[in-house]
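Residues per chain are reported as follows:
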Amino acid sequence: MHAPETSSIEIGRASKGARPFAVLGRVARALVGLVYPPSCAGCGAATADPGALCPSCWAGLRFIEEPCCARYGTPFAVDLGIGPLLSPRAISEPPVFARARAVALYNDTARSLVHRLKYQDRLDLAKAMAAMMAASGAALIAEADCVVPVPLHRWRLWRRRFNQAALLARPVARAGSLPFLPRALARVKATRSQVGLTRAGRAENLQGAFRVPAAHRAGIQGRRVLLVDDVTTTGATANAAARALLRGGAASVDLLTFALVADPIG
């Protein structure tokens, strides 16, 4: 969809009217830059632009590229020149969601970005991380009808004050001009932390954790849902969320995250 055309006269009038405010905005940004110099989102080193990565951190990200597993998005170590390819895990343990993609493998640099967003209140990182997700998940976004973030339970949301998945999902939806549906999926069970649990333990911990509220079923009915989260570890959270969305009436569910905990497949 193209933006409406605007005449040069209209642009000139708008520019004249907005000029004082634009100047004040530039001055304010310059002053903020002097007091709080732009720093790398990954390590805190000085950068030219706010929220950018320094060359070292950019090089440290292990970006996931083709070829990768068509279901889990896990990268293959070698390109066999054929496709689409399935990993051994996708064959033996097919996920509930149809396809998954992530920006990068979960190494030290990716972990630093996720932790700064999630635990250090660096909410400004969400926009840059979401932009990378939109690029990596372009094929999924192109076929999606709506975007749904993985929700937090209300008590965890109260303690953290924000849902990092929603912060990432909103700009992803905006990039694809898709409806953003943060209430289409609810976390109705206060699960224990997934940290330290086995794959089977994670799956058991999440049984019955998600539900599509009756008031929001119409929003996903028959739609292809793009589920968004920050990290895919074992896929247990995404499987539980996707199962609830499908039971709630979604036609299909794809998964898009910033990072993926996985080793390349040989």
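Refer to the preceding data block for the structure.
Nothing here was measured: the structure is a model prediction, and the numbers come from that model.

**Q** Tell me about the side chain of Asn 107, residues and numbers included.
**A** Relative to the assigned elements, Asn 107 resides in the loop between strand 1 (100-105) and helix 4 (108-119). By relative accessible area, Asn 107 is classed as buried at 18%. Of note is the side chain of Asn 107, whose polar atom sits 2.6 Å from the backbone oxygen of Gly 60. Residues contacting Asn 107, with those up to four places away along its chain left out, are Gly 60, Leu 61 and Arg 62.

**Q** Any details on the nonpolar core? Residues and values, ideally.
**A** Counting 36 residues, the largest nonpolar core has Met 129, Met 133, Leu 226 and Phe 258 as the members making the most contacts within it. The residues contacting Met 129, other than those within four sequence positions of it, are Leu 113, Val 114, Leu 117, Leu 168 and Phe 258. Among the nonpolar cores identified, the runner-up in size contains 31 residues, and Phe 210, Leu 227, Ala 236 and Val 253 belong to it.

**Q** Go over the pairing of strand 1 with me, naming the residues and quoting the values.
**A** Counting buried positions along strand 1 gives six out of six residues, so the element sits mostly inside the fold. As paired elements, strand 1 and strand 6 (residues 252-260) share five bridges and run parallel to each other. Its bridge partner being in strand 6, Leu 105 is matched across the sheet by Leu 260.

**Q** Tell me about helix 8 (residues 164-175), residues and numbers included.
**A** Taking 1.5 Å of rise per residue, 12 residues should cover 16 Å, and helix 8 covers 17 Å from first to last C-alpha, within 8% of that figure. For helix 8, the set of buried residues is Gln 164, Ala 165, Ala 166, Leu 168, Ala 169, Pro 171, Val 172 and Ala 173. At the N-terminal end of helix 8, a side-chain oxygen is found 3.1 Å from the backbone nitrogen of Ala 165, two or three residues along, and the residue is Asn 163. After helix 8 finishes, the residue Ser 177 shows a positive phi value of roughly 50 degrees.

**Q** Account for the packing of helix 5 (residues 125-136) against helix 8, with residues named and values stated.
**A** Helix 8 packs onto helix 5 with a crossing angle of 50 degrees between their chain directions and a minimal axis gap of 8 Å. With respect to their mutual orientation, helix 5 and helix 8 come out oblique. Crossing of helix 5 over helix 8 shows right-handed handedness. Here Ala 126, Met 129, Ala 130, Met 133 and Ala 134 of helix 5 lie close against helix 8, whose contacting residues are Leu 167, Leu 168, Pro 171, Val 172 and Ala 175. Across the contact of helix 5 with helix 8, the residue classes tally to 10 nonpolar, no polar and no charged.

**Q** Tell me what's going on with unusual backbone geometry, and back it up with residues and numbers.
**A** In this structure, Pro 67 follows Glu 66 across a cis peptide bond, with omega equal to 5 degrees. Considering the arrangement of structural elements, one finds Pro 67 in the loop between helix 2 (55-60) and helix 3 (88-92). The backbone phi angle of Ser 177 is positive, close to 50 degrees, even though this residue is not glycine. The topology assignment puts Ser 177 in the loop between helix 8 and strand 3 (186-187).

**Q** Residues and numbers for the pattern of salt bridges, please.
**A** With the rule as written, the count across this model stands at seven salt bridges. The closest approach of N and O atoms between Glu 93 and Arg 89, which form a salt bridge, is 3.8 Å. A salt bridge links Asp 108 to Arg 111; its shortest N-O distance comes to 2.6 Å. Of the two residues, Asp 108 and Arg 111 both sit in helix 4, three residues apart, roughly one turn of that helix. On the basis of relative accessibility, which here comes to 59%, the residue Asp 108 falls in the exposed class. A network of salt bridges, in which partner residues are shared, links Arg 99, Glu 143 and Asp 254.

About the thresholds
- Residues numbered from 1 in each chain as written.
- Predicted model: local features only at pLDDT ≥ 70, side-chain atom pairs only at ≥ 80, totals over all residues.
- Heavy atoms only, no water.
- Helix = DSSP H or I, 4+ residues; strand = E, 2+ residues; numbered from the N terminus.
- Buried < 20%, exposed > 50% of the residue type's maximum accessible area, 1.4 Å probe, protein only.
- Polar contact = N/O pair within 3.5 Å; in protein donor to acceptor, adjacent residues only side chain to side chain.
- Contact = heavy atoms within 4.5 Å.
- Core = buried A, V, L, I, M, F, W, Y, C linked by side-chain atoms within 4.5 Å.
- Pairing = 2+ DSSP bridges.
- Expected span 1.5 Å × (residues − 1).
- Axes fitted to C-alpha atoms, helices over the stretch in contact; angles between N-to-C directions.
- Parallel < 35°, antiparallel > 145°, perpendicular 65-115°, else oblique.
- Left-handed = near helix turned anticlockwise from the far one by under 90°.
- Nonpolar A, V, L, I, M, F, W, Y, C, P; charged D, E, K, R; others polar.
- Salt bridge = Lys/Arg side-chain N within 4 Å of Asp/Glu carboxyl O.

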